[in-house]
Amino acid sequence: MELFFLGTGGGRFSIITQKRRTGGIRIIHDKLNIHLDPGPGALIYSLEKNMDPRKINMVMVSHSHPDHYTDAEILIEAMTGGALKKSGTLICAKSVTVGNDVCGPSISKYHKSLPREVVELEAGGKYVSDAVKIEAVKSIHYDPDTIGFKLTFSDGKTLGYTSDTEYFEGLGEAYKNVDLLVLCVIRPRGMPLKWHMCIDDAVKVVGEAKPKKAILTHFGMRMILNTTPEVEAKYVEEQTGIPTVAAYDGMVFRVEREERKKDLTSFL
């Protein structure tokens, strides 16, 4: 399982400034080529790193906010051969394709019609194929349909992704003992923000979930300017005893017999 971080920024000011890119995460495992939460720049940063978007066979969108969905439509067009073939799978929160009283829809009816499968999940819902089982995990965010994801691959490896959420009782338990937990953490210690996690919340989640490893991503401007994500990741590791790293733009993280990370430019 390989995770390519095509963006590690989150929130409107990270989008506007691109101090951290907002292209989301590409996940490659066996026959799966997934783009998770393709925010602004997902297409351009994929091409920049020689990652052909036409090889994608699954697009996943956790909720209907621009830093998570902006490039989803064009990636759907790439996944479907320029809208010429019915292929691939879109897995998303209901707000992305249906909308709710707060936001969305963020993908048009036309683009919804292109993939072979469209799966709209609510918390507790599941998608199962030969290659992967995907479980939608409850989130509390100001898109009320927001979900996190827990993926179990055919070889048994597990990946958790919290998406945007505030901390609540049971959040860590939902990702218990995954091989890798990716947390969207917008702010550093002592700077809570409603609907989101700061580092103090990440400590709770990682301590409860006890993954083999944790990766922090989706950093807001206060995380970037008031401190460094690396310092905050070290704090999480010190407090929990769980190996924790801060993602950086262009990072590749490989989960295998011995997990290791290296720069995307040296990998391709």
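Refer to the structure printed above.
Some points on the sheet that holds strand 9 (residues 147-153)
- The seven strands lie next to each other as 7-8-9-10-11-12-13, forming an open sheet whose pairing is mixed. Each of the sheet's edge strands pairs with one partner strand only, and the pair in question is strand 7 (126-128) and strand 13 (244-246). If you compare each strand with its neighbour and ignore which way they point, the axes differ by 15° on average.
- Strand contacts of helix 8 (residues 199-209): strand 11 (180-184) and strand 12 (213-217), with the helix running at about 160° to strand 11, the strand carrying the most contacts.
- Across the sheet, helix 10 (residues 229-240) touches strand 12 and strand 13, and the angle it forms with strand 13 is around 170°.

Quick look at empty space enclosed by the protein
- In total, this model carries one cavity of 30 Å³ or more according to the counting rule given.
- Within this model, the largest cavity holds a volume of roughly 100 Å³.
- Lining of the largest cavity is provided by 13 residues; of these, Gly7, Gly24, Asp37, Tyr161 and His218 occupy positions nearest its centre.
- Secondary structure elements with two or more residues in the lining of the largest cavity: strand 2 (22-29) and helix 3 (66-69).
- Counting residues per element, the lining of the largest cavity draws most heavily on strand 2, at three residues.
- Of the residues belonging to the lining of the largest cavity, the class tally is four nonpolar, seven polar and two charged.

A short note on the side chain of Asp179
- Mapping Asp179 onto the fold places it in the loop between helix 7 (171-174) and strand 11.
- Given the relative accessible area of 11%, Asp179 is considered buried.
- Among the polar contacts listed, one links the side chain of Asp179 to the side chain of Lys212, at a separation of 3.0 Å.
- Residue contacts for Asp179: discarding those within four places in its chain leaves Gly156, Lys157, Thr158, Lys212 and Lys213.

Conventions we followed
Just so you know, the residues in each chain are numbered from 1, in the order the chain's sequence is written. Residues qualify for local features only when their pLDDT is at least 70, as the model is predicted, and side-chain atom pairs are given and counted only at 80 or more; totals for whole chains, interfaces and linings, by contrast, use all residues. Only hydrogens and water are set aside when side-chain values are computed; all heavy atoms of the structure are taken into account. Only strands joined by at least two bridges in the DSSP assignment are considered to pair. A helix here means a DSSP run of H or I that spans at least four residues, while a strand means a run of E at least two residues long, and both kinds are numbered starting from the N terminus. To obtain each axis, a line is fitted to C-alpha atoms, and for helices this fit is confined to the stretch in contact; angles are then taken between N-to-C directions over 0 to 180 degrees. Note on contacts: a residue pair is in contact if any heavy atoms of the two residues lie within 4.5 Å. Here a cavity is any set of points on a 1 Å grid over the protein atoms alone where a 1.4 Å probe fits but cannot get out, and a pocket is any open set with protein on both sides within 12 Å along at least 5 of 7 lines; a residue lines the site when it has an atom within 4 Å of a point. Grid points are joined across faces, edges and corners, and a volume is the space filled by probe spheres set on the points. Each residue is assigned to one class: nonpolar for Ala, Val, Leu, Ile, Met, Phe, Trp, Tyr, Cys and Pro, charged for Asp, Glu, Lys and Arg, and polar for all the others, Gly among them. Type-normalised accessible area, obtained with a 1.4 Å probe on protein chains alone, sets the label of each residue: buried when under 20%, exposed when over 50%, and partly exposed for intermediate values. Any pair of N or O atoms that falls within 3.5 Å is considered a polar contact. Within protein, one atom must be able to donate a hydrogen and the other to accept it, and sequence-neighbouring residues count only if both atoms are side-chain atoms.

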